[in-house]
Amino acid sequence: MTTVDAERLRAALAGPEAAARVAGRAAQGGRPAAVLIALAEHAEGTRIVLVEKDARLRTHAGQVAFPGGSIEASDASAVAGALREADEEVGLAPGEVEVLGVLPPAYVRASDFAVTAVVGRWPTPRPLAPVDVTEIAAVHSVAVDVLVDPANRLTWTHPAGFSGPGFVVGELFIWGFTAYLLDGLFDLAGWTVPWDVERLSDIPERFRIGRRR
């Protein structure tokens, strides 16, 4: 059963390992944005809050992602922006989350965002549902133990020639930037279980609308 070692994760996020995890996608520009990786502490182990984007969106349509979005002028920091977006999208209030740290901004080409991933503990989880129904189609709570299971891991391939780490959980296919962040977080937290990177899969159309990445 995977549990959060808050001090270990806090130290890892503050150290050079965190910067190394995003070195290949380090932001050199792009619009500032932030996402919240909420680690929900259930009795049966840690779960992660994920959202499924509405299929009609202009970018990232249909994809599985973390709650988040653009940092606004009223946000005091990337952390404040991530917490506000999580509240607006799925009703997870800022006061419910203990922030452990952040990953350095990483560039997402499809949306031209420089995204800061904020990692936080959610010690008293409860059911969540879409609040911003124009953007969020569903909210998912996925066990870390399920995500790190080698049977649920693969390398996705995109028709444009891109590839990267991915996850299959039931009917969900997690790829792109979200899977990249999950892969890095699991390494930092010491949760990664060896998996077959040679297991390749195309991205199902439901989760790949148009040329999104």
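Residues numbered from 1 in each chain as written. Predicted model: local features only at pLDDT ≥ 70, side-chain atom pairs only at ≥ 80, totals over all residues. Heavy atoms only, no water.

> Sorry if this is basic, but what is going on with the environment of Ala 38 here?
Checked against the element boundaries, Ala 38 lands in strand β1 (residues 31-42). Assessed through its relative accessible area of 1%, Ala 38 is described here as buried. Sequence spacing of Ala 38 and Glu 135 is 97 residues, and the spatial spacing of their C-alpha atoms is 19 Å. Setting aside anything within four residues of it in sequence, one finds Ala 38 in contact with Arg 47, Ile 48, Val 49, Leu 92 and Gly 120. (Helix = DSSP H or I, 4+ residues; strand = E, 2+ residues; numbered from the N terminus. Buried < 20%, exposed > 50% of the residue type's maximum accessible area, 1.4 Å probe, protein only. Contact = heavy atoms within 4.5 Å.)

> Before we go on, may I ask you to explain the sheet that holds strand β9 (residues 163-169) in this structure?
A sheet is described by the order of its strands in space; here four strands give the open sequence β10-β9-β8-β11, paired in mixed fashion. The sheet is open, and its two borders are formed by β10 (172-174) and β11 (200-202), each paired with just one other strand. Along the sheet, successive strands turn relative to each other by an average axial angle of 40°, direction set aside. Here strand β8 (residues 153-157) pairs with β11 via three bridges, running parallel. Across the sheet, residue Thr 155 finds its bridge partner in β11, namely Leu 200. Strands in contact with helix α5 (residues 176-189) are β8, β9 and β10; relative to β9, the strand with the most contacts, it is inclined by about 85°. (Pairing = 2+ DSSP bridges. Axes fitted to C-alpha atoms, helices over the stretch in contact; angles between N-to-C directions.)

> Sorry if this is basic, but what is going on with the pattern of salt bridges here?
Close approach of charged atoms lets side chains of opposite charge pair. Evaluated as defined, the whole model comprises 13 salt bridges. The closest approach of N and O atoms between Glu 98 and Arg 10, which form a salt bridge, is 2.8 Å. A residue pair is termed long-range when its members are at least 10 positions apart, and Glu 98 in strand β5 (residues 98-108) and Arg 10 in helix α1 (residues 6-14) qualify at 88 residues. Relative accessible area serves as the criterion here: at 30%, Glu 98 is assigned to the partly exposed category. Note that Arg 153 and Asp 183 form a salt bridge whose closest N and O atoms lie 2.7 Å from each other. A residue pair is termed long-range when its members are at least 10 positions apart, and Arg 153 in strand β8 and Asp 183 in helix α5 qualify at 30 residues. Side by side, Arg 153 and Asp 183 carry an identical accessibility label, which is buried. Each of Glu 7, Arg 10, Glu 41, Glu 98 and Arg 121 takes part in a single network of salt bridges with overlapping partners. (Salt bridge = Lys/Arg side-chain N within 4 Å of Asp/Glu carboxyl O.)

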